[in-house]
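Summary of structural features
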Amino acid sequence: MAPASSSSTVPQPGRSGTSIRRGTEIREAFLTFYAERGHARLPSASLVPEDPTVLLTIAGMVPFKPVFLGQAERPAARATSSQKCIRTNDIENVGRTTRHHTFFEMLGNFSFGDYFKEQAIVWAWQLSTQVFALDPDHLVVSVFREDDESFRIWRDVVGVAPRRIVRLGEDDNFWASGPTGPCGPCSELYYDFRPGDGDEPLNLEDEDRFIEFYNLVFMQYNRDAKGTLTPLANRNIDTGMGLERMARILQKVPNNYETDLLLPLIEAAAALAGVDYRHQDESVRTSLKVIADHSRAITHLIADGVTASNLGRGYILRRLLRRVIRHGRQIGIEDPFLPVMGDAAIHLMAEAYPILRDRQEEIRSELVREEARFLETLERGEKLLAQILAAEPACISGEQAFELYDTYGFPLELTEEIAEEHGV
Ligand code: SER
């Protein structure tokens, strides 16, 4: 499809309101929008990437890295997918902020040497304002500091007021999947929950006011180990819209966890603990959110063939499993419960990801096995740690933490977490 004419302003939609609210509807609406614009609709790739340089699929573009680098045939000139992703780099924020997850779904549209900036920007705006019916007054966009072209497109083609276009530096608006590989400047769309607060200055880091929901990457360089950028043979588009974030916006709930993508798992865990999520203090709510988040992650990881171990992805799985168990115990779940959470996660997501149903038995037996193993380790380690922390003044040495790990198999991050909970 030809790019929108740069001489005219994109018509502003009449916002009659959208009926799209549920997670499944958002996913479908996104994929349909791009399929109608000539994109091949591709299934989610595995969480275990073919690319040996990354441990897990952390973004919708991971399966396409070789295509961007010109090392593999493009599957189509343009494609769209809903990709299951896992990021654990800021795992300690999960459940504590409104928007951090380990497992999440990234909706993406991709151009492999086909359309570029202007078309990507125009479609992103149309999708946001017409299909999802977001009020343009609630939208803010950011561009890479030096990217005058994107600034111009947002201002002159789309018609966004310059004061609602924020220029940001490399940390925010230059995207790469890792230290090396395909990368490029990006432009992000933010939802403003309080446009009445005014535009001066717009602090996009104010997470109570803004949420970034759609990232458009203009993938045009390859970065080598020395940090040198070499232009790619083709200019590409890689975008990502966080499904959970869009659900939060459209469902008008205070955080991603209270959307229909996660709330049923919070409720499943709350039922096991015999508590009501809505009437709990922050620490119980956080535990319920962690359990909900990680239950999705572990279920998908096992479905994609990961088994718990002390290495690589196996360790990530083990760590997530163990965090679920520990948070469960913190809120009073005494009996083994991982298989119940696994079943709840499968029930919630199998329609979108049928592999979960196909692998239900393997998922269940892995959860049973790992939970039994960990409960033994945990009981022994927690007793020892409680003795250490009971001393006055409470303090734990590196040597003691090491012994807990080395001799008793008690994970260091749990020692750290528990020590922190005791103010140590
Ligand atoms: N790869 C980019 C991101 O993860 C856009 O999809 O944000």
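Please refer to the structure placed before this passage.
Because the structure is a prediction, the values reported are computed rather than measured.

1. A word on helix α3 (residues 117–131)
Here α3 is 15 residues long and its end C-alpha atoms lie 20 Å apart, about the 21 Å a rise of 1.5 Å per residue gives. Across the 15 residues that make up α3, a large majority, 13, are buried.

2. Brief notes about the pattern of salt bridges
Throughout the structure, instances matching the rule amount to 36 salt bridges. Here R285 makes a salt bridge to E258, at a shortest N to O gap of 4.0 Å. Pair noted here: R285 is in helix α8 (residues 282–303) and E258 is in the loop between α6 (243–251) and α7 (263–273), with a separation of 27 residues, a long-range link. Classification of R285 as buried rests on a relative accessible area of 18%. Overall, E258 belongs to the buried group, its relative accessible area being 10%. Of the charged contacts in the structure, one is a salt bridge between E370 and R373, with a shortest N-O distance of 2.7 Å. Linking E370 with R373, this pair stays in helix α12 (residues 360–389), spanning three residues, or about one helical turn. The partly exposed category is assigned to R373, whose relative accessible area is 39%. Through salt bridges with shared partners, one network takes in R163, R164, D192, D199 and R209.

3. So, the site of the ligand
Looking at the ligand, the residues that line it are A59, M61, R87, M106, W175, N215, V217, D238, T239 and G240. Contact between the ligand and W175: an oxygen atom at 3.5 Å from a side-chain N or O atom of the residue. Here an oxygen atom of the ligand sits 2.9 Å away from a polar atom, N or O, in the side chain of N215. In isolation the ligand exposes 230 Å². Once the protein is present, 95% of that is buried. Taken atom by atom, the bulk of the ligand overlaps the largest pocket. Of all the secondary-structure elements, those providing two or more residues to the shell around the ligand are β8 (210–223) and β9 (229–242). Tallying contributions element by element places β9 first for the shell around the ligand, with three residues. The residue inventory of the shell around the ligand, partitioned by class, reads five nonpolar, three polar and two charged.

4. Considering helix α4 (residues 148–158)
Within α4 the residues assigned to the buried category are S150, F151, I153, W154, V157 and V158. As for α4, its buried residues are in contact with α3, β4 (139–144), β5 (165–168), β7 (181–192) and β8. One or two steps after α4, the chain reaches G159, where phi turns positive at roughly 95°.

5. A short note on the pairing of β5
In the sheet, β4 pairs with β5 via four bridges, with the strands oriented parallel. Directly across from S142, in β5, lies its bridge partner V166. Crossover handedness for the path β4 to α4 to β5: right-handed.

6. Looking at the packing of α3 against α4
α4 packs onto α3 with a crossing angle of 50° between their chain directions and a minimal axis gap of 10 Å. Relative to α4, the element α3 lies oblique. The hand of the α3/α4 crossing is right-handed. Residues K117, E118, I121, V122 and W125 of α3 pack against E149, S150, R152, I153, W154, V157 and V158 of α4.

7. Details of the packing of aromatic side chains
Inspection of the entire model under this criterion finds 14 aromatic pairs. Note on F30 and Y34: the rings are 5.0 Å apart at their centroids and 50° apart in plane angle, and the pair reads as tilted. Highlighted residues: F30 and Y34, both in helix α1 (residues 23–35), separated by four residues, approximately one helical turn. F30 gets classed as buried once you look at its relative accessible area, which sits at 0%.

8. Details of the environment of A390
Within the secondary structure, A390 sits in the loop between α12 and α13 (398–406). For A390, a relative accessible area of 59% translates into the label exposed.

9. Here we look at the packing of α12 against helix α14 (residues 412–421)
When two helices pack together, their arrangement is given by the angle between their axes and by how far apart the axes lie. Where α12 contacts α14, the axes come no closer than 11 Å and their chain directions differ by 45°. Accordingly, the angle class assigned to the pair α12 and α14 is oblique. Classified by chirality, the crossing of α14 by α12 is right-handed. Within the contact between the two elements, α12 uses F374, L378, E382, L385 and L389 and α14 uses L414, T415, I418 and A419. When its residues are assigned to classes, the contact of α12 with α14 shows seven nonpolar, one polar and one charged.

10. Section: the layout of surface pockets
Each pocket or cavity is described by its volume, and for the largest pocket that value is around 1,300 Å³. Lining the largest pocket are 43 residues, with R87, D90, W175, E212 and R245 sitting closest to its centre. Elements represented by at least two residues in the lining of the largest pocket include exactly β3 (103–111), α5 (170–173), β7, β8, β9 and α6. Ranked by the residues each element gives to the lining of the largest pocket, the list is headed by β8, at six residues. Residues that form the lining of the largest pocket fall into these classes: 19 nonpolar, 12 polar and 12 charged. A volume near 430 Å³ is recorded for the second largest pocket. If you go around the second largest pocket, you meet 18 residues; those closest to its centre are R96, R326, H327, E417 and E421. Elements supplying a minimum of two residues to the lining of the second largest pocket: α8, α9 (312–330) and α14.

Parameters at a glance
- Residues numbered from 1 in each chain as written.
- Predicted model: local features only at pLDDT ≥ 70, side-chain atom pairs only at ≥ 80, totals over all residues.
- Heavy atoms only, no water.
- Helix = DSSP H or I, 4+ residues; strand = E, 2+ residues; numbered from the N terminus.
- Expected span 1.5 Å × (residues − 1).
- Buried < 20%, exposed > 50% of the residue type's maximum accessible area, 1.4 Å probe, protein only.
- Salt bridge = Lys/Arg side-chain N within 4 Å of Asp/Glu carboxyl O.
- Near = heavy atom within 4 Å.
- Polar contact = N/O pair within 3.5 Å; in protein donor to acceptor, adjacent residues only side chain to side chain.
- Areas by Shrake-Rupley, 256 points an atom, 1.4 Å probe, with all protein chains shown as cover.
- 1 Å grid on protein atoms, 1.4 Å probe; cavity = no way out; pocket = protein on both sides within 12 Å on 5 of 7 lines; lining within 4 Å.
- Sits in = over half its atoms within 2 Å of the grid points.
- Nonpolar A, V, L, I, M, F, W, Y, C, P; charged D, E, K, R; others polar.
- Contact = heavy atoms within 4.5 Å.
- Pairing = 2+ DSSP bridges.
- Right-handed = clockwise from strand over helix to strand, strands pointing away.
- Axes fitted to C-alpha atoms, helices over the stretch in contact; angles between N-to-C directions.
- Parallel < 35°, antiparallel > 145°, perpendicular 65-115°, else oblique.
- Left-handed = near helix turned anticlockwise from the far one by under 90°.
- Phe/Tyr/Trp six-rings, centres within 6.5 Å; stacked < 30°, edge-to-face > 60°.
- Points joined across faces, edges and corners; volume = space filled by probe spheres on them.

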